[in-house]
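# Observations on chain architecture
Spelled out from the first residue to the last, the chains are:
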Amino acid sequence: MSNTGMNMRGKITFYEEKNFQGRSYECMNDCSDMSSSLSRSQSCRVESGCFMVYDRSNYMGNQYFMRGQHRGQFRMKIYEKENFGGQSHEMMEDCDNVMDRYRMNECQSCNVMDGHWLMYEQPQFRGKMMYMRPGEYRNFRDMGMSGQRRLRSIRTKTSLQLNSFFPSATGLINKAQDPH
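Computed from a predicted structure; not experimentally measured. (Residues numbered from 1 in each chain as written. Predicted model: local features only at pLDDT ≥ 70, side-chain atom pairs only at ≥ 80, totals over all residues. Heavy atoms only, no water.)

### Focus: the sheet that holds strand 11 (residues 135-137)
Spatially, 7-6-8-11 is the arrangement adopted by the four strands of the open sheet, whose pairing is antiparallel. Strand pairing shows two members of the sheet lacking a second neighbour, strand 7 (85-91) and strand 11, which therefore form its edges. Put simply, the sheet's adjacent strands are angled 15° from each other on average, direction ignored. As judged from the five bridges shared by strand 6 (residues 75-81) and strand 7, these two strands associate in the antiparallel manner. Across the sheet, residue Lys-77 finds its bridge partner in strand 7, namely Glu-90. (Pairing = 2+ DSSP bridges. Helix = DSSP H or I, 4+ residues; strand = E, 2+ residues; numbered from the N terminus. Axes fitted to C-alpha atoms, helices over the stretch in contact; angles between N-to-C directions.)

Right, here's the structure in full:
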């Protein structure tokens, strides 16, 4: 383990089984390999701070941003076109398939009014993702997301079960700085 030097303390607990059951491993620092503490991790709970969780050792593989649970309302308005143009829809909960639910072929801008959100390039919260905190996002391409223009699923940032991402993860982490 190594400290990131961000002068921030966070706490995350990994569980071997789904629904926060089984043996657990609590962590407050960076950890490049948790396999000596847990044989697998199928759920986790972030109690404070925020973390990047990796599905392979040494900070390799897919990464997943995890943050402590937001207490309050979630609200975001998504737009089909850049600069808040075209069809729009206000969201207050997870959407596993934007195209099916809203009949939108593309999502190119948004206004996050409350809460923190994750936007994914594929349905069912799969593929590359963008982390969105409150603010106006006029053009995802300007954010360096040119290959990610077609966002297909969106979820609120709360405690997550890892089994929806990777069935037998070693749950490796690297703490990320939380600006709030």
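### With respect to the packing of aromatic side chains
For the coordinates displayed, the defined rule picks out four aromatic pairs. Measuring from centroid to centroid gives 5.7 Å for Tyr-54 and Tyr-59, while their planes differ by 70°, and the two rings are edge-to-face. Classification of Tyr-59 by relative accessible area gives partly exposed; the value is 29%. Judged by centre distance (5.1 Å) and plane angle (65°), the ring pair of Tyr-79 and Phe-84 falls under edge-to-face. Look at Tyr-79 and you get buried, because its relative accessible area is 12%. (Phe/Tyr/Trp six-rings, centres within 6.5 Å; stacked < 30°, edge-to-face > 60°. Buried < 20%, exposed > 50% of the residue type's maximum accessible area, 1.4 Å probe, protein only.)

### A word on the pattern of salt bridges
One pass over the structure, following the stated rule, counts six salt bridges. The shortest N-O distance in the salt bridge between Lys-11 and Glu-26 comes to 3.4 Å. Here Lys-11 is found in strand 1 (residues 11-17), whereas its partner Glu-26 is found in strand 2 (residues 21-27), with 15 residues between them in sequence. Residue class for Lys-11 comes out partly exposed when judged on its relative accessible area of 24%. The closest approach of N and O atoms between Arg-23 and Glu-16, which form a salt bridge, is 3.3 Å. What makes Glu-16 buried here is its relative accessible area of 10%. (Salt bridge = Lys/Arg side-chain N within 4 Å of Asp/Glu carboxyl O.)

### A few points about the sheet that holds strand 9 (residues 117-122)
The three strands lie next to each other as 10-9-12, forming an open sheet whose pairing is antiparallel. Sheet topology places strand 10 (126-132) and strand 12 (153-156) at the edges, where each strand pairs with a single neighbour. Sheet twist, expressed as the mean angle between neighbouring strand axes with direction ignored, is 25°. The sheet contact formed by strand 9 and strand 10 spans five bridges and is antiparallel. Counterpart to Leu-118 in the pairing with strand 10 is Tyr-131.

### Quick word on the environment of Gln-87
You can see Gln-87 is positioned in strand 7. For Gln-87, a relative accessible area of 28% puts it in the partly exposed group. Sequence spacing of Gln-87 and Cys-107 is 20 residues, and the spatial spacing of their C-alpha atoms is 9.2 Å. If sequence neighbours within four positions are ignored, Gln-87 has contacts with Ile-78, Tyr-79, Glu-80, Tyr-102, Arg-103 and Met-104. (Contact = heavy atoms within 4.5 Å.)

### A few points about the environment of Val-53
Positionally, Val-53 belongs in strand 4 (residues 50-56). Sequence spacing of Val-53 and Gln-63 is 10 residues, and the spatial spacing of their C-alpha atoms is 5.5 Å.

### Concerning a negative patch on the surface
A cluster of like negative charges, contributed by Glu-93, Asp-94, Asp-96 and Asp-100, occupies part of the molecular surface. Residue position: Asp-96 is located in the loop between strand 7 and helix 1 (98-102). By relative accessible area, Asp-96 is classed as partly exposed at 33%. (Patch = residues over 30% accessible without salt bridge, like charges linked within 9 Å, V, L, I, M, F, W, Y side chains within 5 Å. Areas by Shrake-Rupley, 256 points an atom, 1.4 Å probe, with all protein chains shown as cover. Lys, Arg positive; Asp, Glu negative; His and termini not counted. Charge placed at Lys NZ, Arg CZ, Asp CG, Glu CD.)

### Some details on the confidence of the model for the protein chain
Counting all residues, the mean pLDDT for the protein chain is 76, and 77% of those residues have values of 70 or more. Taken element by element, the protein chain is modelled with least confidence in strand 13 (residues 172-175), mean pLDDT 41, and with most confidence in strand 7, mean pLDDT 95. Scored below 50 in pLDDT, residues 1-7 makes 16 contacts in the model with residues more than four places away or belonging to other chains. Below a pLDDT of 50 lies the segment residues 159-180, which in the model reaches 94 contacts outside its immediate sequence neighbourhood of four places, other chains included. (pLDDT = per-residue confidence, 0-100.)

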